[in-house]
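Tertiary structure, described
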Amino acid sequence: MAEKALKKSTFIWEGKDSKGQIVKGETNSPNLALVKANLRRQGINPTKVKKKAAPLFGGKKKVKAADISIFSRQLATMMSSGVPLVQAFDIIGRGHENKGMQELLNTIKTDIESGSNLSDSLKKHPFQFDELYCNLVQAGEHAGILDDILDKVATYKEKTEAIKGKIKKALFYPTAVMIVAFIITAILLIFVIPMFEELFAGFGADLPAMTKFVIELSKVFQEYWWAIFGGIGIAVYALLQTKKRSKGFNVFLDKTMLHAPIIGPILRKAAIARYSRTLSTMFAAGVPLVEAMESVAGAVGNVVYSDAVLRMRDEVSTGTQLNVAMKQANLFPNMVVQMTAIGEEAGSMDAMLAKVADFYEEEVDNAVDSLSSLLEPLIMAVLGVLIGGLVIAMYMPIFQMGKVVNG
């Protein structure tokens, strides 16, 4: 019941303001009565209110993390230039190509116009603005430095999205190539190899062992292709669902990935970079350490590091220094621990952690580039063995027949 109560629809309204001028707009609300009540509260007498019809073709695009990152930079720039908050939302919303983002910004703008502050308005949209984002904005509002904090939030979003992109690039390229290789191999086994099998049937001679193996493999694919592809699809779906629902499986997967060759060190550096960047931004915003670490735990992107940060938070809350808690976690390199200790002693934790984040973000960048350079020849070799092996197996009997004829 609670979930249904939170479901909102988009309403188009028209009315007259206190000066008698006709005004129009859109708003999100659970029902029509609330729309009219909110408009009257704003001094608008509604004359027409109706639910917005869904588009016939397509629809609004999903709001992506990249959209939020760009919005954060635009809002920070406008606020630092002295543009009023409501006007900034109006300008950004009208200039955005994504209809979903336009709708989101219009809803937040309407909330602000009705008297809500920015952080409370953002908290109503947890899928787009996480707890960390809202906490930073709230800290800026309380300290009276919202424009400065928005600039830090924008920088934080840009950095975190950049490092996410690097990790996706490192994982996507080899995965995509291997999927294409599997599909090409399956096509050859199902459609091409049977043609060669019919040709070899009239040879009346024993086929090479490698050719026999490929033909038998082809028969399996022809007969059970639906089970092979269905099994792979079910396995992938089950994996994704288990990852979404099971924390134990996530811990196992993240631990395995951290210890995996080549990709493991990249994921470790990425987790440390996120930890450092997030904590640095929270410190700069004036958020207390214990409160900040709860948000940091949700931002590191790895269950192993997330659990470690929560344990560190408990230790810090009892009076332990952060660098000591980090050392006991046994997940952070000595350099990171030492830089944190220096920051604590000098009272410049945000600056020190920002330097750590810069260093590890550059390390991830270099590691991904090196991985791409290493994987390209390796993938070509794997493709050569798979496709080339099938071709050689099919042509070996033909070469043997040629030798017999020439002999």
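Rules used throughout
- Residues numbered from 1 in each chain as written.
- Predicted model: local features only at pLDDT ≥ 70, side-chain atom pairs only at ≥ 80, totals over all residues.
- Heavy atoms only, no water.
- Salt bridge = Lys/Arg side-chain N within 4 Å of Asp/Glu carboxyl O.
- Helix = DSSP H or I, 4+ residues; strand = E, 2+ residues; numbered from the N terminus.
- Expected span 1.5 Å × (residues − 1).
- Bend = angle between axes of the 7 residues up to and from the residue.
- Buried < 20%, exposed > 50% of the residue type's maximum accessible area, 1.4 Å probe, protein only.
- Polar contact = N/O pair within 3.5 Å; in protein donor to acceptor, adjacent residues only side chain to side chain.
- Core = buried A, V, L, I, M, F, W, Y, C linked by side-chain atoms within 4.5 Å.
- Contact = heavy atoms within 4.5 Å.
- Axes fitted to C-alpha atoms, helices over the stretch in contact; angles between N-to-C directions.
- Parallel < 35°, antiparallel > 145°, perpendicular 65-115°, else oblique.
- Left-handed = near helix turned anticlockwise from the far one by under 90°.
- Nonpolar A, V, L, I, M, F, W, Y, C, P; charged D, E, K, R; others polar.
- pLDDT = per-residue confidence, 0-100.

With that out of the way, let us pick up the pattern of salt bridges. In the structure shown here, the tally under the stated rule is 12 salt bridges. Measuring nitrogen to oxygen at the nearest pair gives 2.8 Å for the salt bridge that ties Arg73 to Glu158. Residue Arg73 is found in helix α3 (residues 65-80), and its partner Glu158 is found in helix α8 (residues 146-201); the two are separated by 85 residues along the sequence. What you see here is one network of salt bridges that share partners, running through Arg73, Asp151 and Glu158.

Attention shifts here to unusual backbone geometry. Backbone geometry places Asn330, a non-glycine residue, at a positive phi of 60 degrees. In this structure, Asn330 sits in the loop between α14 (322-329) and α15 (334-346).

In this model, helix α9 (residues 209-245) (37 residues) spans only 47 Å end to end at C-alpha, well below the 54 Å of a helix rising 1.5 Å per residue. The largest bend along α9 measures about 80 degrees and falls at Tyr224. When α9 is considered as a whole, its buried residues turn out to be Thr211, Val214, Ile215, Ser218, Phe221 and Gln241.

Turning next to the side chain of Asn135. Its location among the elements puts Asn135 in helix α7 (residues 131-143). For Asn135, a relative accessible area of 12% gives the class buried. At a separation of 3.2 Å, a polar atom in the side chain of Asn135 contacts the side chain of Ser295.

Turning our attention to the nonpolar core. Membership of the largest hydrophobic core comes to 80 residues, with the highest contact counts inside it found for Leu75, Leu118, Tyr275, Leu322 and Phe332. Among all residues touching Leu75, those that are not within four sequence positions of it are Leu85, Ala88, Phe89, Ile92, Leu118 and Leu150.

The next thing to look at is the packing of α3 against helix α4 (residues 85-95). Two numbers describe how α3 lies on α4: the axes approach to 10 Å, and their chain directions differ by 135 degrees. Looking at the two axes, α3 sits oblique to α4. Here the hand of the crossing between α3 and α4 comes out right-handed. Seen from α3, the contacting residues are Phe71, Gln74, Leu75, Met78 and Met79; seen from α4, they are Leu85, Ala88, Phe89, Ile91 and Ile92. Classifying every residue of the contact of α3 with α4 gives nine nonpolar, one polar and no charged.

A word on the packing of helix α12 (residues 289-297) against helix α13 (residues 303-317). For any two helices packed against each other, the geometry is given by the interaxial angle and the distance between the axes. Between α12 and α13, whose axes approach to 9 Å, the crossing angle comes to 170 degrees. On the basis of the axis angle, α12 is roughly antiparallel to α13. Facing Leu289, Val290, Met293, Glu294, Val296 and Ala297 of α12, the residues of α13 in contact are Ser306, Val309, Leu310, Met312, Arg313, Val316 and Ser317. Tallied by class, the residues present in the contact of α12 with α13 amount to nine nonpolar, two polar and two charged.

The next point concerns the confidence of the model for the protein chain. When the pLDDT values of the protein chain are averaged, the result is 81; 92% of them are 70 or greater. The element-level mean pLDDT for the protein chain is lowest in helix α1 (residues 2-6), coming to 40, with α14 highest at 91. Confidence over residues 1-6 falls short of pLDDT 50; this stretch has one contact with residues more than four positions distant or in other chains. Confidence drops under a pLDDT of 50 for residues 55-59, and excluding neighbours within four residues, the segment shows zero contacts in the predicted structure.

A separate point is the environment of Ala201. Relative to the helices and strands, Ala201 is located in helix α8. For Ala201 and Gly384, which are 183 residues apart along the polypeptide, the C-alpha to C-alpha distance reads 27 Å.

Once that is clear, we can look at the side chain of Ser119. Mapping Ser119 onto the fold places it in helix α6 (residues 118-123). A distance of 2.7 Å separates the side chain of Ser119 from the side chain of Glu141, its partner in a polar contact. Beyond its immediate sequence surroundings of up to four residues, Ser119 is in contact with Cys134, Val137, Gln138 and Glu141.

We now examine helix α5 (residues 99-113). The end-to-end C-alpha distance of α5 is 21 Å, a good match for the 21 Å that 15 residues give at a rise of 1.5 Å each. The element α5 is extensively covered by neighbouring structure, given that 12 of its 15 residues are classed as buried. All of the buried residues along α5 are Gly100, Met101, Gln102, Glu103, Leu104, Leu105, Thr107, Ile108, Lys109, Thr110, Asp111 and Ile112. Gly115, located one to two residues past α5, shows a positive phi value of around 115 degrees.

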